[in-house]
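Notes for the structure review
Residue-level listing of the chains:
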Amino acid sequence: MITRVVVTILSAALAVSLETAALSDSSPTVAWKNADGNPQAPCVEVAGLGPAALEWFQNPDRTLAERNAALAVHLVQGGADASICLGGRYNVVGEVIRFTPRHPLEPGLSYRAILDLDRFGAGRPAPPASRIVADYQTAKAPEGSRARVVAIYPSSKLLPENLLRLYIQFSAPMSRGEAYRRVHLRDAQGVEVDAPFLELDEELWSADQTRFTLLLDPGRIKRGLRPREELGPALIVGNAYSIVVDATWRDAHGATLQKGATKSFRVGPADQVSPDPKAWRVDAPRAGGREPLVIHFPDPMDHALLERMLTVHDEAGRPVVGTVSVDPGEQVWQWHPREAWVTGDYRIVIDIELEDVAGNSVARPFEVDETTPITLRTTVNSRELTFRVLPGGP
């Protein structure tokens, strides 16, 4: 009898030990932290848990659903937790469990993190003290600080049937993961064109996340490919279309755009010819001033590539320091020097990957006839134009 009592006492002690092993000597805490100083992009940190809890979260066999049940982060609506937890990433940093939301939080809303300690215990129903709750309220975004669409390129009102890409320029950094749900191609009757874009898993953003690159599906551009044969071209010659950007697109702080944006255009014949620098007109400046060097193109060029694929060098081969501007319509490029021009000969160095709006580069057209054998491959990566700066005068 005594032996049974001792065994029972030891078993009970072992059960208590297993149930509390998840906890450290200090009480667990749940707190919202602004790790990067951005109040719209906080993380949730749980401290005070023991090694067992940390190992539980780090176990590679642990499912996301299990982690969500142990540490759930909700949007609070009408005083109740939303039925779907926020998506995000769990990781262990030192002795802290950290949850980082996948997207910035929406301004002016309430959020709640709930730690369920019973998930680390013996599985019995949790007493009230086993749930630790931490609430968080995001500040409302000032109206003037919300991002807006600055421009949609190409800006020309007439674009070729084989248009390859569009750029959407914003006034502030934007969020990732929403682009293909927020941009639409619609015909003149407002009907959305089916599957016109090439949707990539990794969205194409500039380094500062203010310019989004949108590719039209090349399979519907190149002749002989199945998407074009089955669906037809996304753009039809003679028709009118609009690119529509939803106002619900969120910026990097989680705020929606100030307003949506629309670009309307008509479609002209396909352009299948490479840009020829010999056909460009160069307006050279005079010495002594800082007037821009100007290049005129017969057809619209790729706006983003124009900003970095043309450079100016003096007769000694040194780069001329200056800035680029591109006129509306993308048919005029200007180079504004930092210092006054001096008399002499200059070179414009053209990267052969510079393209027009249809994706035709200086090196080759976008749509190559696959039946024609390629007998020569060039290793030259640039072309040049020369101009002379003459002495200034009245």
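Model, not experiment: these values are computed from the prediction.

What counts and what doesn't
- Residues numbered from 1 in each chain as written.
- Predicted model: local features only at pLDDT ≥ 70, side-chain atom pairs only at ≥ 80, totals over all residues.
- Heavy atoms only, no water.
- Core = buried A, V, L, I, M, F, W, Y, C linked by side-chain atoms within 4.5 Å.
- Buried < 20%, exposed > 50% of the residue type's maximum accessible area, 1.4 Å probe, protein only.
- Helix = DSSP H or I, 4+ residues; strand = E, 2+ residues; numbered from the N terminus.
- Contact = heavy atoms within 4.5 Å.
- Pairing = 2+ DSSP bridges.

What follows concerns the nonpolar core. Proteins that are soluble and globular tend to have nonpolar side chains buried together. Membership of the largest hydrophobic core comes to 33 residues, with the highest contact counts inside it found for Phe-170, Phe-212 and Trp-249. Contributing elements (two or more residues each) for this core: strand 9 (149-153), strand 11 (165-170), helix 4 (179-182), strand 12 (183-187), strand 14 (211-215), strand 15 (240-245) and strand 16 (261-268). If we skip the residues at most four places from it in the chain, Phe-212 touches Leu-166, Tyr-167, Ile-168, Phe-170, Ala-179, Tyr-180, Glu-203, Leu-204, Trp-205 and Trp-249.

Once that is clear, we can look at the pairing of strand 22 (residues 344-351). Put simply, side chains in a regular strand alternate between the two faces of the sheet. Of the strand pairs in this sheet, strand 19 (residues 310-313) and strand 22 are connected by four bridges, and their pairing is antiparallel. Pairing of Val-312 across the sheet is with Ile-348, part of strand 22. One ladder, built from eight bridges, connects strand 22 with strand 23 (residues 382-389); its direction is antiparallel. Across the sheet, the residue bridging to Ile-350 is Arg-383, located in strand 23.

Every second residue of strand 18 (residues 293-296) is oriented toward a common face, with Leu-293 and Ile-295 on one face and Val-294 and His-296 on the other, all of them buried. Looking at chain direction, strand 18 and strand 21 (residues 332-337) are connected through four bridges and run antiparallel. Looking at strand 21, one finds that Val-294 is bridged to Gln-334.

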